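Structural characterization, general
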Amino acid sequence: MKREAKAKECLEVEKLEQDLRQKDGDSASSKSEKERESALEMRRVATETFGESKKRKNEQEEENSTVSKKKKSRNSGNDTIEYLREKNTQEMSIREKELQMKEKQ
């Protein structure tokens, strides 16, 4: 009985040692695997075109930002025309006032 218990204990100890060795080996291989993946990613980023870089950066910004940014849009021509009309009406009113002042003098 004592021998069987000691044998079981020895087997458990050996099993634990093997598990620890595997974990150490796995961590070393996982480090080298991570380094390899990061090197491949750097190589891919270095060789991508400008358009691909822009897309990747936009995707990263979308993932990182919680609030979505508004897409930039150009003003339509209507805004410019409306501004010019307002400016023209103001200038016309100022000119009329100046003419009225000259007539009074």
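Residues numbered from 1 in each chain as written. Predicted model: local features only at pLDDT ≥ 70, side-chain atom pairs only at ≥ 80, totals over all residues. Heavy atoms only, no water.

Here the focus is the overall build of the protein. Across its full length, the protein holds three helices and zero strands. Ordering the α and β elements of the protein from the N terminus gives α-α-α. For the protein, with 105 residues in total, the buried portion stands at 3%. When the accessible surface of the protein is split by element, carbon and sulfur atoms take 51% of a total near 11,200 Å². (Helix = DSSP H or I, 4+ residues; strand = E, 2+ residues; numbered from the N terminus. Buried < 20%, exposed > 50% of the residue type's maximum accessible area, 1.4 Å probe, protein only. Areas by Shrake-Rupley, 256 points an atom, 1.4 Å probe, with all protein chains shown as cover.)

What follows concerns the side chain of R56. By the element assignment, R56 lies in helix α2 (residues 50–64). Here R56 falls in the buried class, since its relative accessible area comes to 17%. Apart from residues no more than four positions distant in its own chain, R56 is found in contact with R44, V45 and E48. (Contact = heavy atoms within 4.5 Å.)

Overall, the coordinates contain three salt bridges when judged by the stated rule. E48 is the salt-bridge partner of R44, the closest N and O atoms lying 3.5 Å from each other. For E48, a relative accessible area of 12% translates into the label buried. A salt bridge links R56 to E48; the nearest nitrogen and oxygen atoms lie 2.8 Å apart. An identical accessibility class is assigned to R56 and E48; each is buried. Residues joined in a network through salt bridges with shared partners are E41, R44, E48 and R56. (Salt bridge = Lys/Arg side-chain N within 4 Å of Asp/Glu carboxyl O.)

Moving on: a negative patch on the surface. Where like charges cluster on the molecular surface, the negative patch consists of E59, E61, E62 and E63. Mapped onto the fold, E61 is located in helix α2. (Patch = residues over 30% accessible without salt bridge, like charges linked within 9 Å, V, L, I, M, F, W, Y side chains within 5 Å. Lys, Arg positive; Asp, Glu negative; His and termini not counted. Charge placed at Lys NZ, Arg CZ, Asp CG, Glu CD.)

Turning to the confidence of the model for the protein, a few remarks are in order. Confidence in the prediction of the protein, expressed as mean pLDDT, is 83, and 89% of residues score 70 or more. The least confident element of the protein, judged by mean pLDDT, is helix α1 (residues 2–47) at 81; the most confident is helix α3 (residues 77–104) at 92. (pLDDT = per-residue confidence, 0-100.)

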